[in-house]
Amino acid sequence: MPRTSPLMNVMQQAARKASRRLVRDFGEIENLQVSRKGPGDFVTAADVRTDQKLRESLEQARPAIGFLTEEGEDVVGEDHTRRWIIDPIDGTANFMHGIPMFAISIALEEAGEVTAALVYAPISDEMFWAEKGQGAYLNDRRLRVAARRHMGDAMIGTGIPYLENPKNSEFLTELSAILTECAGIRRMGSAALDLAYVAAGRLDGFWHTGLSPWDIAAGILLAREAGAMVSRTDGGGDPLYKGDVLAANEAIHSRMLRLLRQARKP
Ligand code: 2AM
Ligand code: CA
């Protein structure tokens, strides 16, 4: 059994506590699908409520730490060097459509570096977690990135940047470059879970552009701690605030990077 630190216990308890109501809300979604208005407002309320519940638990246990979250106001903590980066529901569109691929994502950033990460998928009850230098885990099991080295065997995850994103037009070119070489593509709708799946060796690689820090802060550390190479999609260093991420084992990362670069040549 891996030993979770007191900090990781706080994070896991916060996620589990907030997920109870979230799971009930998800159950309600099915009823709302048939109403003409759809579940939009309901989902927004669930998102905000989950954000609040996570903040409450984390603040109570670690009052000096600040917040950067998708749903609420940013807070600079008494301890300026540390903040939680939170996405209360990553995969909101899935949640809204009654598709169970969504997750709570919590990362702790210390002096600009993410040192603890959690991605919790409440419907499958899968807790992905990692602390810097300590490896990545799914529940009690140590994770290791997939060993497959050939693109022809690789299952690759991606996401489609949204219409308003300037990168949207580039996406189809990138997709066609990767698609011609790999075994299969998945577009699952939660970047946090996609990165956790790279850590678990379920996906051999993942690329996505146009994301926000809360989508990927936890997933990046998970993938790295499982042995993945994680960079921006142009091969550059830290993807966290750039929002372009490429994650895979070394061989697949290098091949994907080459394909993406070729696809982007004018
Ligand atoms: P979200 O579900 O929290 O919105 C899907 O490929 C990924 O892109 C998800 O992690 C999703 O996060 C994220 N994403 C980023 N910007 C988005 C937007 N404008 N609309 C929907 N999803 C977005
Ligand atoms: Ca998100």
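These figures come from a predicted structure and were not determined experimentally.

(A) Quick peek at the overall build of the chain. For the chain, the helix and strand inventory stands at 7 helices and 12 strands. Over its C-alpha trace the chain gives a radius of gyration of 18 Å, about what one expects of a compact globule, namely 18 Å for 266 residues. Principal axes of the C-alpha set define a box for the chain whose edges measure 50 × 50 × 35 Å. The buried share of the chain, reckoned over its 266 residues, is 55%. In the chain, once contacts between residues fewer than 6 apart in sequence are set aside, the share between residues at least 24 apart is 63%. Looking at the chain as shown, the accessible area adds up to about 12300 Å², and 49% of this sits on carbon and sulfur atoms.

(B) Representation of the coordination of the calcium ion (ligand 2) in the model. Every protein donor of the calcium ion (ligand 2) is listed here as Asp-87 (OD), Asp-90 (OD) and Asp-215 (OD), and their distances to the metal cover 2.0 to 2.3 Å. Written as a sequence motif, the donor residues of the calcium ion (ligand 2) are D-x2-D-x124-D. Since its relative accessible area comes to 0%, Asp-87 is described here as buried.

(C) Just unusual backbone geometry, in detail. Positive phi values are uncommon outside glycine, yet Ala-111 reaches one of about 45°. Along the chain, Ala-111 turns up in the loop between strand S3 (103–110) and strand S4 (113–121). On the accessibility criterion, Ala-111 (67% relative accessible area) is exposed. Not every positive phi belongs to a glycine, and Asn-139 is a case in point at roughly 50°. The topology assignment puts Asn-139 in the loop between strand S6 (136–138) and strand S7 (141–142).

(D) Quick peek at a positive patch on the surface. Taken together, the side chains of Lys-17, Arg-20, Arg-24 and Lys-53 make up a positively charged region of the molecular surface. Of all the elements, helix H1 (residues 6–33) adds the most residues to the positive patch, at 3 residues. Following the sequence through the fold, Lys-53 ends up in helix H2 (residues 40–61).

(E) A look at the site of ligand 1. Near ligand 1, the surroundings consist of 16 residues, among which Asp-90, Gly-91, Thr-92, Tyr-162 and His-208 are the closest. In the model, an oxygen atom of ligand 1 is placed 3.4 Å from a nitrogen or oxygen of the Asp-215 side chain. Here ligand 1, which alone exposes 480 Å², has 80% of that area covered by the protein. Among the cavities detected, the one that contains ligand 1 is the largest pocket. At 3 residues, strand S2 (residues 82–90) tops the list of elements feeding residues into the shell around ligand 1. Split into classes, the residues belonging to the shell around ligand 1 amount to 4 nonpolar, 6 polar and 6 charged. Here the shell around ligand 1 spans two domains, since at least three of its residues come from each of domain 1 (6–142) and domain 2 (151–263).

(F) Expanded view of the sheet that holds strand S1 (residues 66–69). Taken together, the 7 strands give an open sheet; going across it, the order is S1-S2-S3-S4-S5-S6-S7, and neighbouring strands pair in mixed fashion. If you trace the sheet from one side to the other, it starts and ends with S1 and S7, each paired once. Of the strand pairs in this sheet, S3 and S4 are connected by 7 bridges, and their pairing is antiparallel. Its bridge partner lying in S4, Leu-108 is registered against Ala-116.

(G) How the structure looks around the pattern of salt bridges. A complete count under the given rule lists 14 salt bridges for this structure. Among the salt bridges present, the one from Arg-82 reaches Glu-110, with a minimum N-O distance of 3.8 Å. Placement of the pair is Arg-82 in strand S2 and Glu-110 in strand S3, with a sequence separation of 28 residues. With a relative accessible area of 28%, Glu-110 lands in the partly exposed category. Each of Arg-21, Asp-25 and Arg-49 takes part in salt bridges that share partners, so that together they form one network.

(H) Just helix H6 (residues 213–225), in detail. The end-to-end C-alpha distance of H6, which contains 13 residues, comes to 18 Å, matching closely the 18 Å that a straight helix rising 1.5 Å per residue would cover. Most of H6 sits inside the fold, with 12 of its 13 residues counted as buried. Where H6 is concerned, the buried positions are Pro-213, Trp-214, Asp-215, Ile-216, Ala-217, Ala-218, Gly-219, Ile-220, Leu-221, Leu-222, Ala-223 and Glu-225. Directly after H6, the chain includes Gly-227, whose backbone phi takes a positive value near 100°.

Reading the values: rules and limits
By convention here, each chain's residues receive numbers from 1 onward along its written sequence. To label them, take the chains in the order written and letter them from A, then take the ligands in the order written and number them from 1. This being a predicted model, a pLDDT of at least 70 is required before a residue's local features are given, and a value of 80 or more before pairs of side-chain atoms are given or counted; all residues contribute to the totals for chains, interfaces and linings. Hydrogens and water are ignored here; the side-chain numbers use all heavy atoms of the structure. Counting from the N terminus, the helices are DSSP H or I runs at least four residues long and the strands are E runs at least two residues long. Only the C-alpha atoms count toward the radius of gyration. The rule for a globule is 2.2 Å times the residue count to the power 0.38. When accessible area is computed with a 1.4 Å probe and restricted to protein chains, residues below 20% of their type maximum are described as buried, those above 50% as exposed, and intermediate ones as partly exposed. Any pair of residues with heavy atoms lying within 4.5 Å of one another is described as a contacting pair. For accessible areas, the Shrake-Rupley method is used with a probe of radius 1.4 Å. Any residue's cover is judged against the shown protein chains and nothing else. Water is absent from the atoms considered, so a metal site may look incomplete; donors are defined as N, O and S atoms within 2.8 Å of the metal, or 3.2 Å for Na, K and Ca. Each patch is built from residues that are more than 30% exposed by relative accessible area and take part in no salt bridge. Like charges join if they lie within 9 Å; nonpolar side chains (Val, Leu, Ile, Met, Phe, Trp, Tyr) join within 5 Å. Note on definitions: salt bridges are taken to be side-chain nitrogens of Lys or Arg within 4 Å of carboxyl oxygens of Asp or Glu. Positive residues here are Lys and Arg, negative ones are Asp and Glu, while His and the chain termini are left out of the count. Charged groups are reduced to one reference atom each: NZ for lysine, CZ for arginine, CG for aspartic acid, CD for glutamic acid. For this description, a residue counts as near a given molecule or strand if any of its non-hydrogen atoms is within 4 Å of it. Any pair of nitrogen or oxygen atoms within 3.5 Å is treated as a polar contact; in protein, a donor-acceptor pairing is required on top of that, and neighbouring residues in sequence qualify only through side-chain atoms on both sides. A cavity, in this analysis, means grid points on a 1 Å lattice covering only the protein atoms where a 1.4 Å probe fits yet has no way out; a pocket is instead an open set bounded by protein on both sides within 12 Å along at least five of seven lines, and a residue lines either one if it has an atom within 4 Å of a point. Assignment to a cavity or pocket requires that more than half of a molecule's atoms be within 2 Å of the site's grid points. Classification used: nonpolar for Ala, Val, Leu, Ile, Met, Phe, Trp, Tyr, Cys and Pro, charged for Asp, Glu, Lys and Arg, polar for all others including Gly. Each domain's extent was defined by an automatic or database domain assignment. Any two strands with at least two DSSP-identified bridges between them are counted as paired. Multiplying 1.5 Å by the helix residue count minus one yields the expected span of that helix.

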